[in-house]
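One-letter residues, chain by chain:
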Amino acid sequence: MYGFEAMTFNIHGGYLEAIVRGYRSGLLTAADYNNLCQCETLDDIKMHLSATEYGPYLQNEPSPLHTTTIVEKCTLKLVDEYKHMLTQATEPLSTFLEYITYGHMIDNVVLIVTGTLHERDVQELLEKCHPLGMFDSIATLAVAQNMRELYRLVLVDTPLAPYFSECITSEDLDDMNIEIMRNTLYKAYLEDFYRFCQKLGGATAEIMSDLLAFEADRRAVNITINSIGTELTREDRRKLYSNFGLLYPYGHEELAICEDIDQVRGAMEKYPPYQSIFSKLSYGESQMLDKAFYEEEVKRLCLSFEQQFHYAVFFAYMRLREQEIRNLMWISECVAQNQKSRVHDSVVFIF
Amino acid sequence: MVASSSSWARALLQISPYTFSAIGISISIGVSVLGAAWGIYITGSSLIGAAIKAPRITSKNLISVIFCEAVAIYGVIVAIILQTKLDSVPQTKIYDPESLRAGYAIFASGIIVGFANLVCGLCVGIIGSSCALSDAQNSTLFVKILVIEIFGSALGLFGVIVGIIMSAHATWPMK
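Criteria and thresholds
Residues numbered from 1 in each chain as written. Chains lettered and ligands numbered in written order. Predicted model: local features only at pLDDT ≥ 70, side-chain atom pairs only at ≥ 80, totals over all residues. Heavy atoms only, no water. UniProt positions renumbered as here; feature names shortened; annotations may be inferred. Helix = DSSP H or I, 4+ residues; strand = E, 2+ residues; numbered from the N terminus. Rg over C-alpha atoms; globule rule 2.2 N^0.38 Å. Buried < 20%, exposed > 50% of the residue type's maximum accessible area, 1.4 Å probe, protein only. Contact = heavy atoms within 4.5 Å. Lys, Arg positive; Asp, Glu negative; His and termini not counted. Charge placed at Lys NZ, Arg CZ, Asp CG, Glu CD. Salt bridge = Lys/Arg side-chain N within 4 Å of Asp/Glu carboxyl O.

As annotated in an unreviewed UniProt entry, chain B carries the name V-ATPase proteolipid subunit C-like domain-containing protein and is attributed to Salvia splendens. What UniProt states about chain B under its Subcellular location (unreviewed entry) heading is, verbatim, "Membrane". On record in UniProt, under Function (unreviewed entry), the comment for chain B is "Proton-conducting pore forming subunit of the membrane integral V0 complex of vacuolar ATPase. V-ATPase is responsible for acidifying a variety of intracellular compartments in eukaryotic cells."

Looking at an unreviewed UniProt entry, one finds chain A named V-type proton ATPase subunit and attributed to Salvia splendens.

The structure is reproduced here in structure tokens:
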């Protein structure tokens, strides 16, 4: 019952909610980012980060540091925190926490299949996979030749199995099909997650609906923009949009027939929350769109912490950490390539 | 009022006032302790989790637990007071209006105190949980949220006051 979660939430979720709020206080602030943006070398970055919570993870790294090492260690911290929470969670929180990682599983599956298609070594690909999305039989993905085998050999035992029903064809895997597969899987995953949150009810359902709807709409816009000028037909494009969100169903009809960015802008400006995003871009420009979407997402994620006694704080925390890791990667790359003037192009401050 | 031989009014009037008194006393202590326990676990689970990141909050935030505990103590006190009001009355006078009145007064007093303490314990517990989490992030918030808790704990006190006034007039007929 919405409004009365406070009476029984703490029985199972009180401790973990307090823990995740403690983790949130360790996110980097604007002052930290300003310090990091002024670093000259990667060793300076390591020194600044050792004063934050990332200290224990970076202190043992030998001196010629690479950006991938920094990102890897920061991701390791996220994985440790996630596992700590997952081991202490009971149902339904444990299922909720597992749902958060299915997106990474989908990305890992697509990474390995694409890499195998381009004749890369399996071990090398496994090292590039996101640790949160690993599952046991992931290495077997390299053996599959088409989607049916992919499903039958590997994916039927994973939590992604129910998302494959729309994707199983006997076609061979090539770049286009893999992208379509990725988006179809992600669509099924988002809809499943949405239904799960609705079943949980209360404040979790309300806040997660908003966050997932934004995610679905953002993906719809990205699919549209990325498929302009490719051979993806309008019906295929329409099938990749999720069945919920602010844009469903009329916005999707308009987006499906868009052929350039200005038409996309025209379709999106009818929706007040997205109008403010698109008004920040000048005509014909799409590079800043990603950053604008990230900023809006971070704003909504931070707002979810304003309410107590719901599960959306866990989702929000994971997403905010991922944003922070993206920021650190961008800053490290800019510093390593001596392009510090472009640092502020893509860093989204959380606080 | 005492009507036909099988009406609810008649049935209620045939229940001994001692039954009502005993139930009132048990509700006063039982439901108060339920409220206090509920409040303590709500506060305690958040407090433990938040104290991992911010150990400094533990000693101050025990005040929230103490406020919840006070609610249980109110229940005990009122139960003791109520049971001293129980007098023995001769057989012939058990169903006198005076006796019935005394029985109902103790019953009502017990219910008032029990349920006022139940919601008071819940209220203080939920606020205490938010207080612990806020204090862990920003220590200037503690005293401000404590003021909210103090207002919340006044609810239990209102119940105790009214309960004691109610039971003060519970006089059984003279022998």
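Caption draft 1: Geometry of the overall build of chain A. If you tally the helices and strands in chain A, you get 16 helices and zero strands. Compactness check: chain A gives a C-alpha radius of gyration of 21 Å against a globular reference of 20 Å for 351 residues, within 12% of the reference. The buried share among the 351 residues of chain A stands at 52%. Here the analysis covers contacts within chain A between residues at least 6 apart in sequence; of these, 64% occur between residues at least 24 apart. For chain A, the distance from the average site of its 31 positive side-chain charges to the average site of its 52 negative ones is 3 Å.

Caption draft 2: Just the UniProt feature "domain: V-ATPase proteolipid subunit C-like" (unreviewed entry) in chain B, in detail. Residue and element names in this part refer to chain B. Here the UniProt feature "domain: V-ATPase proteolipid subunit C-like" (unreviewed entry) sits at residues 23-82 and 107-166. With 95% helix and 0% strand, the stretch residues 23-82 has end C-alpha atoms that lie 11 Å from each other. Across residues 107-166, the secondary structure splits into 95% helix and 0% strand, with the terminal C-alpha atoms separated by 10 Å.

Caption draft 3: Structural view of the UniProt feature "transmembrane region" (unreviewed entry) in chain B. Within the UniProt annotation, "transmembrane region" (unreviewed entry) is assigned to residues 20-41, 62-82, 102-129 and 141-166 of chain B. Across residues 102-129 of chain B one finds 100% helix and 0% strand; the C-alpha atoms that close the span lie 41 Å apart.

Caption draft 4: Local environment of the pattern of salt bridges. All names here are of chain A. A full pass over the atoms with the stated rule returns 25 salt bridges over all chains. For R234, the salt bridge identified is with E259, shortest N-O distance 3.5 Å. A residue pair is termed long-range when its members are at least 10 positions apart, and R234 in helix α11 (residues 234-239) and E259 in the loop between α12 (250-256) and α13 (261-268) qualify at 25 residues. Here R321 makes a salt bridge to E324, at a shortest N to O gap of 2.7 Å. Taken as a pair, R321 and E324 lie in helix α16 (residues 312-336) at a separation of three residues, close to a single helical turn. With respect to burial, R321 and E324 carry one shared label: buried.

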